[in-house]
Amino acid sequence: SQQGEEDPQALSIQEGENATMNCSYKTSINNLQWYRQNSGRGLVHLILIRSNEREKHSGRLRVTLDTSKKSSSLLITASRAADTASYFCATDLPTGANSKLTFGKGITLSVRP
Amino acid sequence: GAGVSQTPSNKVTEKGKYVELRCDPISGHTALYWYRQSLGQGPEFLIYFQGTGAADDSGLPNDRFFAVRPEGSVSTLKIQRTERGDSAVYLCASSLRGGETYNEQFFGPGTRLTVL
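To keep things clear, this report deals only with the structure shown in the data block. (Residues numbered from 1 in each chain as written. Chains lettered and ligands numbered in written order. Predicted model: local features only at pLDDT ≥ 70, side-chain atom pairs only at ≥ 80, totals over all residues. Heavy atoms only, no water.)

For chain B, the count of helices and strands is 0 helices and 11 strands. Written out in order from the N terminus, the α and β elements of chain B read β-β-β-β-β-β-β-β-β-β-β. For 116 residues, the compact-globule estimate of 2.2 N^0.38 gives 13 Å, and chain B sits close to it at 13 Å. Expressed as lengths along the three principal axes of its C-alpha atoms, the size of chain B is roughly 40 × 25 × 25 Å. Counting only residues that meet the buried cut, chain B has 47% of its 116 residues in that class. Across chain B, the fraction of contacts at a sequence separation of at least 24, relative to all contacts at a separation of at least 6, is 55%. (Helix = DSSP H or I, 4+ residues; strand = E, 2+ residues; numbered from the N terminus. Rg over C-alpha atoms; globule rule 2.2 N^0.38 Å. Buried < 20%, exposed > 50% of the residue type's maximum accessible area, 1.4 Å probe, protein only. Contact = heavy atoms within 4.5 Å.)

What follows is the structure, given as C-alpha cells:
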C-alpha cells in the first residue's frame, strides 16, 4: 500500500517558473525524502528532512515538513527543462529497525523550454 | 565509484516461467532492498536484507517470490510461475547500513519485467 499521496498528479510550467509539489502521508514518520525519476527508471535521491525539522534547502530545492498536518512540500525554483521528471515523496517509520521506504504515486513535472 | 547495478535491464518471459533478477549493490553497503514499480505508481517495498539475512520480507506478495543474498553482497530476486500481473520494473537499492535514523538508499536502474 502507498502511504504518501502527492499533489498535483501532473504539473506543467514554463522554464524559469517555480514548481511546488505537495505530499501528504498517513502515519507518524522518521524521515521524509523526495526522489526524482527519469523515464521510469533510476530513482535519484534529492533531499531528506527529518521529522524534527521544518524546512531544508539544497541548491534550487526547498522542502518543508508539517508533522501536525502530515504533509510536505517540495519547491523547485527557477525551473529548467532538465527538471522534467517524476517526483516522489517517501517516508520511513519511526521504529529504527524498519528501513523500508513507502512511496507515493508521484507527480509528473513537465518544464517547457 | 560504481553505483547499484541490475541485470538484465529488460526481461521478457512467458506466463508460467521462472525468472531471476540480479542486483549488485554499492561495495561496502550492508543493507539491500527490493522494490517493485508498476506503471504509473510509486515503488512498493518487497524485501530488505541486512547482511545475508532478510530483515523484513513483509512486502513479498506471495510465495512465488523469493530473494537471497548468500554472501551479503549480490542479491537475486526469484519469481516462480510468473503471471502477467508480475509485469513491472523491479528496483534494487542499497544503503551503508539499515535500521538507522538516517537512511539514504541508492537505487539501481531497475529491471523491466514483461510477462506475456
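Residue and element names in this part refer to chain A. Inspection of the entire model under this criterion finds 2 disulfides over all chains. Two residues share a disulfide in this structure: Cys23 and Cys89, whose sulfurs sit 2.0 Å from each other. Its S-S torsion of approximately 65° makes the covalent link between Cys23 and Cys89 right-handed. Within this pair, whereas Cys23 is found in strand 3 (residues 19–24), its partner Cys89 is found in strand 9 (residues 85–92), the two being separated by 66 residues in sequence. (Disulfide = S-S within 2.5 Å.)

A few words now on the sheet that holds strand 1 (residues 5–7) of chain A. Residues and elements named next belong to chain A. Spatial strand order, 1-3-8-7-6: 5 strands in an open sheet with antiparallel pairing. With one partner strand each, in any of the chains shown, strand 1 and strand 6 (55–58) form the two edges of the open sheet. Put simply, the sheet's adjacent strands are angled 15° from each other on average, direction ignored. Judged from the 4 bridges that link them, strand 6 and strand 7 (residues 61–66) form a sheet pairing that is antiparallel. Counted as the bridge partner of Glu55 is Thr64 from strand 7. (Pairing = 2+ DSSP bridges. Axes fitted to C-alpha atoms, helices over the stretch in contact; angles between N-to-C directions.)

Residues and elements named next belong to chain A. You can see Ile47 is positioned in strand 5 (residues 41–50). Classification of Ile47 by relative accessible area gives buried; the value is 5%. C-alpha of Ile47 to C-alpha of Thr67: the two residues are 20 residues apart in sequence and 17 Å apart in space. If we skip the residues at most four places from it in the chain, Ile47 touches Leu32, Gln33, Trp34, Lys56, His57, Ser58 and Val63.

Geometrically, a pair of aromatic rings is defined through the distance of the ring centres and the angle of the planes. In the structure shown here, the tally under the stated rule is 8 aromatic pairs over all chains. Seen in terms of ring centroids, Phe88 of chain A and Phe103 of chain A are 6.4 Å apart; in terms of plane orientation they differ by 85°. Their pairing is edge-to-face. On the criterion of sequence distance, the pair formed by Phe88 of chain A in strand 9 and Phe103 of chain A in strand 10 (residues 102–103) is long-range, its members being 15 residues apart. Considering the side-chain rings of Tyr35 of chain B and Phe107 of chain B, the 5.4 Å spacing of their centres and the 45° angle between planes classify their relative orientation as tilted. Linking Tyr35 of chain B in strand 4 (residues 31–37) with Phe107 of chain B in strand 10 (residues 106–107), this pair joins segments that are 72 residues apart in sequence. The class of Tyr35 of chain B is buried, set by a relative accessible area of 0%. Judged by relative accessible area, Phe107 of chain B falls into the buried class, the value being 11%. Grouping aromatic residues by their ring pairs yields a cluster made of Tyr35, Phe88 and Phe103 of chain A together with Tyr35, Phe45 and Phe107 of chain B. (Phe/Tyr/Trp six-rings, centres within 6.5 Å; stacked < 30°, edge-to-face > 60°.)

Turning our attention to the sheet that holds strand 3 (residues 19–24) of chain B. Where strands meet in a sheet, backbone hydrogen bonds hold them as pairs that are either parallel or antiparallel. Residues and elements named next belong to chain B. Taken together, 4 strands build an open sheet; the order of strands is 1-3-8-7 and the sheet is antiparallel. Every interior strand has two partners, whereas the edge strands, strand 1 (5–7) and strand 7 (65–68), have only one. Taken over all neighbouring pairs, the strand axes of this sheet differ in orientation by 15° on average, direction set aside. With 5 bridges joining them, strand 3 and strand 8 (residues 75–79) adopt antiparallel strand pairing. What sits directly across from Arg22, in strand 8, is Thr76.

For the rest of this paragraph, the subject is the pattern of salt bridges. One side chain can pair with another of opposite charge once the charged atoms of both are near each other. Under the definition given, this model contains 6 salt bridges over all chains. Two residues, Lys56 of chain A and Glu53 of chain A, come together in a salt bridge whose shortest N-O distance is 3.9 Å. The exposure class assigned to Glu53 of chain A is partly exposed, which follows from its relative accessible area of 23%. For Arg64 of chain B, the salt bridge is made with Glu83 of chain B, and the minimal N-O distance between the two is 3.6 Å. Placement of the pair is Arg64 of chain B in the loop between strand 6 (53–56) and strand 7 and Glu83 of chain B in the loop between strand 8 and strand 9 (88–95), with a sequence separation of 19 residues. Within this structure, Arg64, Glu83 and Asp86 of chain B form a network of salt bridges that share partners. (Salt bridge = Lys/Arg side-chain N within 4 Å of Asp/Glu carboxyl O.)

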